[in-house]
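Each chain, written out:
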Amino acid sequence: MADQGFPPDGARPGTLARLERVRGRAVVGFACREGRTRLADLEQSGSAKIRLPKTHDGPPVAVLLNTAGGLTGGDRLETEARLGAGGHAVVTTQAAERIYRSAEGAAQVDSAVRVEAGATLEWLPQETILFDRASLTRSLAADLAGDARLIALESVVLGRAAMGETVHALQFRDRWRIRRDGRLVFADEARISGDAADILAGSATAAGGRAFATLVDCFPQASEALARARTLVEDIRAPELRVGVSALPDLLVMRFVAEEGTALRTGVERFLTAWRDAPLPRTWNC
């Protein structure tokens, strides 16, 4: 996909006034000490911030937020999460991220996680909303050690159904890479370039759906949990929501496609709550 934006009618790329761009970097690290997972590292700069709400009956939660209020072409956010051996932590976001119309260039969001042996990291950001003429390049890179576990979710909603919005012009690229002990175990790439409504109308893409999500659970013997995952999928299936689950060695992959964002969010919430046997972070209900 070309790294391009959508200049106003009559304007040529490169002729627009140079505007200030969003830059943000956030790093959070946890370590397990005396049987408890505690904060070990914290770094934040630019518009990328991290909040650490008190938790009393579960693992610590790191909440990511972008004080810029959204992203557009040329903006860049970087996030890194590290979890030490034997720990358990959750990383989520304060709210949905919004990607607005791009005048020039693509917004870039890069995330990296490192999970040590015996640890479980839950990467559970809320959805990303893409508006008409948005341009976004996004990546998630994960390095797992030994028997580490990663539960990772990324969701996308095209426009706001309640506002009658339809996304036609879109440049979107989503890249996943998960490695265990240096060996690639999961690689996924999604691209939408052009008229999103037309592209996603096909039966081989989203059959008209305007919201979709990928959920990966990577842990040893994950394929043995396939039957349970399929049972939970049947419990949440609805006319406006389609869900599929497949297994790879030490990996479960779930795909959600919905007619609009509310149906997607409801289905993802119900599945994750049952799958994890725990409520989602409180920011999901704010």
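Reading guide: rules and limits
- Residues numbered from 1 in each chain as written.
- Predicted model: local features only at pLDDT ≥ 70, side-chain atom pairs only at ≥ 80, totals over all residues.
- Heavy atoms only, no water.
- Helix = DSSP H or I, 4+ residues; strand = E, 2+ residues; numbered from the N terminus.
- Rg over C-alpha atoms; globule rule 2.2 N^0.38 Å.
- Buried < 20%, exposed > 50% of the residue type's maximum accessible area, 1.4 Å probe, protein only.
- Areas by Shrake-Rupley, 256 points an atom, 1.4 Å probe, with all protein chains shown as cover.
- Lys, Arg positive; Asp, Glu negative; His and termini not counted.
- Charge placed at Lys NZ, Arg CZ, Asp CG, Glu CD.
- Core = buried A, V, L, I, M, F, W, Y, C linked by side-chain atoms within 4.5 Å.
- Pairing = 2+ DSSP bridges.
- Axes fitted to C-alpha atoms, helices over the stretch in contact; angles between N-to-C directions.
- Expected span 1.5 Å × (residues − 1).
- Polar contact = N/O pair within 3.5 Å; in protein donor to acceptor, adjacent residues only side chain to side chain.
- Patch = residues over 30% accessible without salt bridge, like charges linked within 9 Å, V, L, I, M, F, W, Y side chains within 5 Å.
- Salt bridge = Lys/Arg side-chain N within 4 Å of Asp/Glu carboxyl O.
- Left-handed = near helix turned anticlockwise from the far one by under 90°.
- Contact = heavy atoms within 4.5 Å.
- Nonpolar A, V, L, I, M, F, W, Y, C, P; charged D, E, K, R; others polar.

Broken down by element type, the protein carries three helices and 17 strands. Since a compact globule built from 286 residues should have a radius of gyration of about 19 Å, the 19 Å found for the protein is in line with a globular shape. For the protein, the C-alpha atoms occupy an extent of roughly 60 × 45 × 35 Å along the three principal directions. Of all 286 residues assigned to the protein, the portion counted as buried reaches 49%. Accessible surface computed for the protein: about 13400 Å², of which carbon and sulfur atoms make up 49%. Across the protein, the centroid of the 37 positively charged side chains sits 3 Å from that of the 37 negatively charged ones.

Let's shift gears to unusual backbone geometry. One non-glycine residue with positive phi stands out, namely D181, at about 50°. Within the secondary structure, D181 is located in the loop between strand 13 (169–180) and strand 14 (183–195). Taking the relative accessible area as the measure of exposure, D181 reaches 58% and is therefore exposed. With a phi angle near 60°, Q221 is a residue other than glycine that sits in the positive phi range.

L121, W123, L150, L170 and I178 are the most contacted members of the largest nonpolar core, which has 50 residues in total. No other element matches the five residues that strand 11 (residues 134–144) contributes to this core. Core analysis: the second largest hydrophobic core is formed by 35 residues, V90, L124, F131 and V268 among them.

Bringing the sheet that holds strand 14 into the picture now. Spatially, seven strands are ordered 2-1-5-8-11-13-14 in an open sheet, and the strand pairing comes out mixed. Both edges of this open sheet fall to strand 2 (36–46) and strand 14, since each of them pairs with a single strand only. Between one strand and the next, the sheet's axes are offset by a mean angle of 5°, whatever the strand orientation. Where strand 11 lies against strand 13, eleven bridges are found, and the strand directions are parallel. Across the sheet, residue S139 finds its bridge partner in strand 13, namely R175.

Taking 1.5 Å per residue as the helical rise, helix 3 (residues 261–276) with its 16 residues ought to reach 22 Å, and the 22 Å between its terminal C-alpha atoms agrees with that figure. Turning to helix 3, its buried residues are G261, A263, L264, R265, G267, V268, F271, L272, W275 and R276. For helix 3, the side-chain oxygen to backbone nitrogen distance between the N-cap and T262 is 2.7 Å, and the N-cap itself is E260. Count one or two residues on from helix 3 and you reach D277, which has phi positive near 55°.

Right, let's talk about a nonpolar patch on the surface for a bit. On the surface, a nonpolar cluster with roughly 230 Å² of combined accessible area is contributed by L39, L42 and L52. Relative to the assigned elements, L42 resides in strand 2.

Further remarks concern the packing of helix 2 (residues 226–236) against helix 3. Where helix 2 contacts helix 3, the two axes come as close as 10 Å, and the packing angle between them is 140°. For helix 2 against helix 3, the interelement crossing comes out right-handed. Here R228, A229, L232, V233, D235 and I236 of helix 2 come into contact with helix 3, specifically with G267, R270, F271, A274 and W275. Tallied by class, the residues present in the contact of helix 2 with helix 3 amount to seven nonpolar, one polar and three charged.

Looking now at the pattern of salt bridges. Counted according to the given criterion, the structure contains 20 salt bridges. Measuring nitrogen to oxygen at the nearest pair gives 3.3 Å for the salt bridge that ties E154 to R138. Of this pair, E154 sits in strand 12 (residues 149–158) while R138 is found in strand 11, placing the two residues 16 residues apart along the sequence. Accessibility assignment for this pair places E154 and R138 in one class, buried. Of the charged contacts in the structure, one is a salt bridge between E189 and R173, with a shortest N-O distance of 2.5 Å. Placement of E189 in strand 14 and of R173 in strand 13 is noted, with a sequence separation of 16 residues between them.

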